[in-house]
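Chains, contacts and geometry: an overview
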Amino acid sequence: MVALLWAVVLLPLAAAAATRLAGPRADVVALAGAAVAAIPAWILLVAAAGGERATWAMTWLPAAPGLDVGLRLDALSVVMAVTVASVGLAVVAYAGGYFANEPRRPAALAGLLAFLCAMQGLVLADGYLTLLIFWEIVGALSARLIAFDRAEPDGPAGAVRAFLTTRAADVGLYVALLALYAGAGTLAFGSERPGGELGALVGIGLVLAAMGKSAQAPLQGWLAGAMAGPTPVSALLHSATMVAAGVYLLVRSHELLAGWPLEIAGWVGAITAVAGAVIALAQQDLKRVLAASTTSQLGLMFVGAAAGGPAVAIFHLVAHAAGKATLFLAAGMFQHDREGTALERLRGAGRDDRAAMAIFAVGALSIAAVPPFAAFWSKDAITAAAEGHAGWLALVLLAGAGGAAYLLRVARILWAPAPHTRPVVAGHRMMAGAAGTLAAASVGLGLAGAPLAALLSAQPPAITVTSVVLSLIAAAVGAGAILLGWRAPAPVAAAARAGLYADAMLRTVVQAPVALGARLAARWDDRMLDGAIVDGTGRVTLRIAHAQRRLEERRIDAAVDELARAVGRAGAQNRRLQTGRLHEYLRDTVLGTMAVVVLIALAAVL
Amino acid sequence: MISLPVVLAVAAVMFGIGLYGVLGQTNTIMVMMGVELMLGASMLNLVGFMRYAWPDAASGAFFVLIVMTLMALEAAVGFGLVISVFRNRRTAELDDLTELGG
């Protein structure tokens, strides 16, 4: 089992390497790699359904117990792994066609496969330390993939924004894990939340990290910016898997967050669900509508996790992953047909590309919670779970009405009568095949609720008559509002187009104080640290050095001068010998010779 | 045959006269003549000892020949210098030539 766990994580990476080197046949290699990589995940699902559980752990720091890294096979991780692998397979197959005319296709496909590796590591991680490692890798790869298209002007900005926003929220994860380790002495899953301030830090930090990764209000802005990335990236990362990591974190930490942290998460989710739906209604770009819709649906999952527990949230996560990826893949097909995703440009695109329209319709019906499509059952489970909580229930129903409304609005634009403009698009058949498979999945997944709950050993999602009726009424109200041409008051519409001013608010509340603090710190650094301490130290040191040098010079110079004077004196003495008078030289020669002779004679005698 | 002491005595006298010439004369020519006398005395010694101690060996005679050659060279260089100095200075007195004094 452990070998299969490793295979789930590492096979995508090997496939990425092979794809990167495959050249023109990268699509085939990537598809084969993704398919092979999905096999162990499915085997693990079957094994887990049969009660199999496994963990692999390695001591990371012997000196610090409780900091093991490892992989685990349990019901939750295997469901996530299968979701990731299956959506990943469909998206990689689709991307082979989507990038048909892209010179850097091997790099794009390899990037998707490498992301699959990181995501599998995240969901299969055993313990928060391993989860944190893959959590960061996922964030970094996401930024890289958003900025893949170098011709796209918004790509780098969107990537930086996505990275910075999620990173800022990830600080919560770090704080939570530090507090957890300080309080509980371990980072293993399923430990008790420590009491007091540490417990508060754990709760707030984990919820904040989940909010950032899952683009919950008010941090949802980065997801719209991330739409600058290629559409397969949006489908895989920003609808089905990566943004779901926040929900996964909530579900995985369910015991740890019991009580008020889940209550906060539920409120955040409920508010986000409505805010996302409102924003989606006002967007002028198909992918941005879908991004806002993702935000809204992830908010519903937060409510599900808070009100109904793991099974409810994960059921909606899986159903939404299939449905939203389907929508994105259809959007990518329209994008190729019309070379853009602005709704105005896509007017009537559905009539030209019926296959894409059919796929889009299936995804939209599912996400809009129309029976019998998958997300109807999962969203209804959330509605039923929220029944005991009047505030959440109202917001969930409102979000449901919004969901029906924005999807119907987009579908009407796509189906509007328009002049026929349909270029031949390379890779279209591949894209349609992959998207169609996902669409089929988003139909069939409605049946997965009860088995999923059994696997997660939770209560099967209860669907009450009340919830069904309320949901259907809400959806009908939303759809009816669109059909009757209801328009929101101008200020509301403007606010929705501007993302409900969340960005402006974040700029005021977060960015401005941080920038001010940075400026003050910079001034403090320049004036005090740099000016007074560093430069002052330098100046004093220089002065000391100069004094030292003068002292040394005086001493050494004195010695050198003294030597020169001594040599001079000796020279003056010797000069006197050299008179220039030859007679004296001759006399000295004679006397010297005589002295030598006398010495020799003495030596001989003695 | 002249006995060795006679030869040595003559040589000693010659050396003494030469030494006096070198140390006592002020004219450069005279000093050089003193040097010649001293060299002559030492040659006389060489020849005398050769004849007395190793009558069959020729090395003493060769030494004398070498010294003679040196004397000729020395005289030629010395007289050349003296003539050159005299042309410039109109003097050959040794004690007037003290430019090399330190």
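All of these numbers come straight from a predicted model, not from anything done at the bench.

**Description of the overall build of chain B**
If you tally the helices and strands in chain B, you get 3 helices and 0 strands. Listed N to C, the secondary structure of chain B is α-α-α in terms of helices and strands. Rg of the C-alpha trace for chain B: 17 Å, well past the compact-globule value of 13 Å for 102 residues, more than 25% over. With respect to the three principal axes, the spread of C-alpha positions in chain B is 50 × 25 × 25 Å. Looking at chain B residue by residue over its 102 residues, the buried ones come to 25%. For chain B, contacts bridging at least 24 residues in sequence account for 60% of all contacts bridging at least 6. Each charge class in chain B was averaged separately, 4 positive and 7 negative side chains, and the resulting centres sit 9 Å apart.

**Regarding the pattern of salt bridges**
All names here are of chain A. This model, assessed by the stated rule, comprises 13 salt bridges over all chains. Salt-bridge contacts for Asp352 lead to Arg338; the nearest nitrogen and oxygen are separated by 2.7 Å. Here Asp352, found in helix H14 (residues 349–352), pairs with Arg338, found in helix H13 (residues 310–338); they are 14 residues apart in sequence, far enough to count as distant. Arg338 gets classed as buried once you look at its relative accessible area, which sits at 10%. Across the pair Glu553 and Arg549 runs a salt bridge whose closest N-O atoms are separated by 3.7 Å. Here Glu553 and its partner Arg549 are both found in helix H22 (residues 502–577), 4 residues apart, which amounts to about one turn of the helix.

**Thoughts on the packing of helix H5 (residues 128–146) of chain A against helix H9 (residues 231–240) of chain A**
Residue and element names in this part refer to chain A. Two elements in contact, H5 and H9, have axes separated by 10 Å at closest approach and are oriented at 155°. By the angle class used here, H5 and H9 are roughly antiparallel. The way H5 lies across H9 gives a crossing that is left-handed. Across the interface between the two elements, Ser142, Leu145 and Ile146 from H5 touch Val233, Leu237 and His238 from H9. Of the residues that constitute the contact of H5 with H9, the class distribution is 4 nonpolar, 2 polar and no charged.

**Looking at empty space enclosed by the protein**
The gaps left among the atoms become clear once a water-sized probe is rolled over them. Residue and element names in this part refer to chain A. Counted according to the given criterion, the structure contains 1 cavity of 30 Å³ or more. Estimated volume of the largest cavity: approximately 50 Å³. Forming the walls of the largest cavity are Val8, Pro12, Ala34, Ala37, Ala38, Ala85, Leu116 and Gln120. Mapped onto the lining of the largest cavity, the elements with two or more residues apiece are helix H1 (2–22), helix H2 (26–49) and helix H4 (105–124). Ranked by the residues each element gives to the lining of the largest cavity, the list is headed by H2, at 3 residues. When its residues are assigned to classes, the lining of the largest cavity shows 7 nonpolar, 1 polar and no charged.

The rules behind each value
Residues numbered from 1 in each chain as written. Chains lettered and ligands numbered in written order. Predicted model: local features only at pLDDT ≥ 70, side-chain atom pairs only at ≥ 80, totals over all residues. Heavy atoms only, no water. Helix = DSSP H or I, 4+ residues; strand = E, 2+ residues; numbered from the N terminus. Rg over C-alpha atoms; globule rule 2.2 N^0.38 Å. Buried < 20%, exposed > 50% of the residue type's maximum accessible area, 1.4 Å probe, protein only. Contact = heavy atoms within 4.5 Å. Lys, Arg positive; Asp, Glu negative; His and termini not counted. Charge placed at Lys NZ, Arg CZ, Asp CG, Glu CD. Salt bridge = Lys/Arg side-chain N within 4 Å of Asp/Glu carboxyl O. Axes fitted to C-alpha atoms, helices over the stretch in contact; angles between N-to-C directions. Parallel < 35°, antiparallel > 145°, perpendicular 65-115°, else oblique. Left-handed = near helix turned anticlockwise from the far one by under 90°. Nonpolar A, V, L, I, M, F, W, Y, C, P; charged D, E, K, R; others polar. 1 Å grid on protein atoms, 1.4 Å probe; cavity = no way out; pocket = protein on both sides within 12 Å on 5 of 7 lines; lining within 4 Å. Points joined across faces, edges and corners; volume = space filled by probe spheres on them.

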